[in-house]
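Each chain, written out:
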Amino acid sequence: MLAYHLARLLVLGSITSLALGNSNIQVVVHPIYSYWNCTIPTVDELFLDELHCQRVCLAGFCEAWTFVPIFNEASDPNVYNLSYPIFVGQSIKITVTPLNSAAISVTQDPGLPIGMQASGTGPINLTWTPRSFAAGHLHTVGISVKASNVETMVYLNISVASSVVSWQSPPYDLMEHEVLLGTSQQVPFTCNSTYPTSISLVSLTSHPYPDQNSPALNDTTVIELSPDMSYPLILSDGTPVLYPPSSRLLSFHARRGLEGQTLVACLKCSSAPIQASNTRCIAFRVPLCKYVARTADTFLAISRAYLGSLNWRRLWNMNSLVSPDPNLFIQDGQVIHLGVNYTVQTGDTLLNIAIKFRTTILNLMEVNPYIADMNALEVGYDLCIPACTNRNYLPILPTIAL
């Protein structure tokens, strides 16, 4: 198993010693205690922090493992690169020891990476815990080696994993989904990073009247976000790779009251260790005048709920092909037309529109709930106009001769 092979690799030694250049110095990289393993693994993975390990380590317990990178010679003479990048917040200790009576010191140029501490003159102990601004850069330590009146410069390069936070899905910002009244839409949000990330819902706004109709972020009747479970992966040679994508499923429910609105939900993928984030938004448009029937729906029930009227006849007249008998239950999933669309023209008011279509202002506002103010009517907006009558007919009962 992966964890077993990595354990064998890590326990071979507690430090890595390497003679560099002309063998006048020795560089020791001390272990990095940052990886965790479940003693009874359910998956073949090691983890970059104890919290992630504990999420899946249900039967055993989490224990720390050590990992020791080494410096490899680069193509340029006297330049050495650390074999694996380190992470923001991960501490590294390097000991440089002179050999053969050589004298060593830290050079002024390039000096030390920001935040690195150096102590001693022979040996020199270097300790460093990179901060977020160090991510994605190569950092160099310059060591001057003097032996037999000859000075040699040795450069130790340490890379810090880059602060990549990017969206895998949705593929682009502000993708729009049409969601009919009475239905739901699910959209996966997936984020990639080289560090632990979390996805959260940060805003939910509605248009055209955001101040009056925007649901609350915690309104689960409109928007829901699934829990996130993602785990880091380390290869069998100890190489840390990109964290598996963080993923959460966003569910939008087109409930009563959202007709005619476009709701924009924005989610943020953030990584605390590197103080980086990326936001992606998606739009859900709930069209007017359409409703998707559910089990046991009838024309009377729909008319009462969505048109504010008992006059089921006008609804049936617009959807007569749906069912030959208005008293029968409508098939689940059937699209029902609640009226016709009308685009507001210059000079229109709710009053003259109501007169024009033989209805009432209250009925128009009932069918178009996004209009919270009868005076807030703008040119170009669409209205749903029910059938042209303001009379509430009751079903005609058959006459029985006695």
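Just above, that's the structure.
This write-up is about the structure you can find in this document. (Residues numbered from 1 in each chain as written. Predicted model: local features only at pLDDT ≥ 70, side-chain atom pairs only at ≥ 80, totals over all residues. Heavy atoms only, no water.)

1. A look at the overall build of the protein
Logical step 1: Tallying secondary structure elements over the protein gives seven helices and 24 strands in all.
Logical step 2: Sorting the 402 residues of the protein into buried and exposed places 45% on the buried side.
Logical step 3: Restricting to contacts in the protein with at least 6 residues of sequence separation, those with at least 24 account for 68%.
Logical step 4: Total accessible area on the protein is roughly 20,100 Å²; 54% of this is exposed by carbon and sulfur atoms. (Helix = DSSP H or I, 4+ residues; strand = E, 2+ residues; numbered from the N terminus. Buried < 20%, exposed > 50% of the residue type's maximum accessible area, 1.4 Å probe, protein only. Contact = heavy atoms within 4.5 Å. Areas by Shrake-Rupley, 256 points an atom, 1.4 Å probe, with all protein chains shown as cover.)

2. Things to note about the side chain of threonine 262
Logical step 1: Relative to the helices and strands, threonine 262 is located in strand 19 (residues 262–271).
Logical step 2: Ignoring anything within four residues of it in the chain, the contact list for threonine 262 reads Thr205, Ser206, His207, Ala283, Phe284 and Arg285.

3. Quick notes on the nonpolar core
Where a protein is soluble and globular, its nonpolar side chains tend to be buried together.
Logical step 1: Grouped together as the largest cluster of nonpolar side chains are 85 residues, with contacts concentrated most on Phe71, Val96, Phe252, Phe284, Ile336 and Leu383.
Logical step 2: Core analysis: the second largest hydrophobic core is formed by seven residues, Trp36, Cys38, Phe47 and Val56 among them. (Core = buried A, V, L, I, M, F, W, Y, C linked by side-chain atoms within 4.5 Å.)

4. Focus on the pairing of strand 11 (residues 138–147)
In the case of a regular strand, side chains alternate between the two sheet surfaces.
Logical step 1: Judged by how many residues are buried, strand 11 sits mostly within the fold: seven of 10 residues are covered.
Logical step 2: Here strand 11 folds back onto strand 12 (residues 150–159), and the loop between the two strands holds two residues, one of which, serine 148, carries a positive phi near 55°. (Pairing = 2+ DSSP bridges.)

5. Regarding the sheet that holds strand 11
Logical step 1: Within the open sheet, the five strands sit side by side as 5-6-12-11-8. Their pairing is mixed. Unpaired on one side and paired on the other, strand 5 (71–73) and strand 8 (103–106) mark the two borders of the sheet. Sheet twist, expressed as the average angle between the axes of neighbouring strands with direction ignored, equals 30°. (Axes fitted to C-alpha atoms, helices over the stretch in contact; angles between N-to-C directions.)

6. Side note on the sheet that holds strand 19
Logical step 1: Here four strands make up an open sheet; going across it, the order is 14-20-19-16 and the pairing mixed. The open sheet terminates on both sides in strands that have one partner only, identified here as strand 14 (175–178) and strand 16 (198–207). In this sheet, neighbouring strand axes are inclined to one another by 25° on average, regardless of whether the strands run parallel or antiparallel.
Logical step 2: Across nine bridges, strand 16 lies against strand 19 in antiparallel orientation. The residue bridging leucine 201 from the neighbouring strand is leucine 267, located in strand 19.

7. Observations regarding the packing of aromatic side chains
Logical step 1: Applying the stated criterion across every chain yields a total of seven aromatic pairs.
Logical step 2: Taking the centre distance of 5.7 Å and the plane angle of 80° together, the rings of tryptophan 167 and phenylalanine 189 count as edge-to-face. On the criterion of sequence distance, the pair formed by tryptophan 167 in strand 13 (residues 165–169) and phenylalanine 189 in strand 15 (residues 184–193) is long-range, its members being 22 residues apart. This pair shows no difference in class: tryptophan 167 is buried, exactly as phenylalanine 189 is. (Phe/Tyr/Trp six-rings, centres within 6.5 Å; stacked < 30°, edge-to-face > 60°.)

8. Regarding the environment of alanine 134
Logical step 1: Among the secondary structure elements, alanine 134 is positioned in the loop between strand 10 (124–128) and strand 11.
Logical step 2: Alanine 134 gets classed as buried once you look at its relative accessible area, which sits at 1%.
Logical step 3: Put simply, alanine 134 and serine 162 are 28 residues apart on the chain and 8.4 Å apart in space, counted from C-alpha to C-alpha.
Logical step 4: In contact with alanine 134, other than residues within four places in its own chain, are Trp128, His139 and Val160.

9. A word on the state of the cysteines
Logical step 1: Under the definition given, this model contains four disulfides.
Logical step 2: Each sulfur in the disulfide pair cysteine 38 and cysteine 57 lies 2.1 Å from the other. As the torsion about the S-S bond is roughly 75°, the cysteine 38-cysteine 57 disulfide counts as right-handed. Residue cysteine 38 is found in strand 3 (residues 32–38), and its partner cysteine 57 is found in the loop between helix 2 (50–56) and strand 4 (62–67); the two are separated by 19 residues along the sequence.
Logical step 3: Among the residues examined, cysteine 57 registers a relative accessible area of 9% and is labelled buried.
Logical step 4: Put simply, cysteine 266 and cysteine 281 are joined by a disulfide, and their sulfur atoms are 1.9 Å apart. Between cysteine 266 and cysteine 281 the disulfide shows an S-S torsion of about 105°. By sign, it is right-handed. Here the residue cysteine 266 occupies a position in strand 19, and cysteine 281 occupies one in strand 20 (residues 276–285), the gap between them amounting to 15 residues. (Disulfide = S-S within 2.5 Å.)

10. Section: unusual backbone geometry
Logical step 1: Look at the link from aspartate 109 to proline 110: it is a cis peptide, with omega at 10°.
Logical step 2: Along the polypeptide, proline 110 turns up in the loop between strand 8 and strand 9 (117–119).
Logical step 3: Between glycine 122 and proline 123 the backbone carries a cis peptide bond, its omega angle lying at 10°.
Logical step 4: Along the chain, the position of proline 123 falls in the loop between strand 9 and strand 10.
Logical step 5: Residue leucine 174 is not a glycine yet carries a positive backbone phi of 60°.

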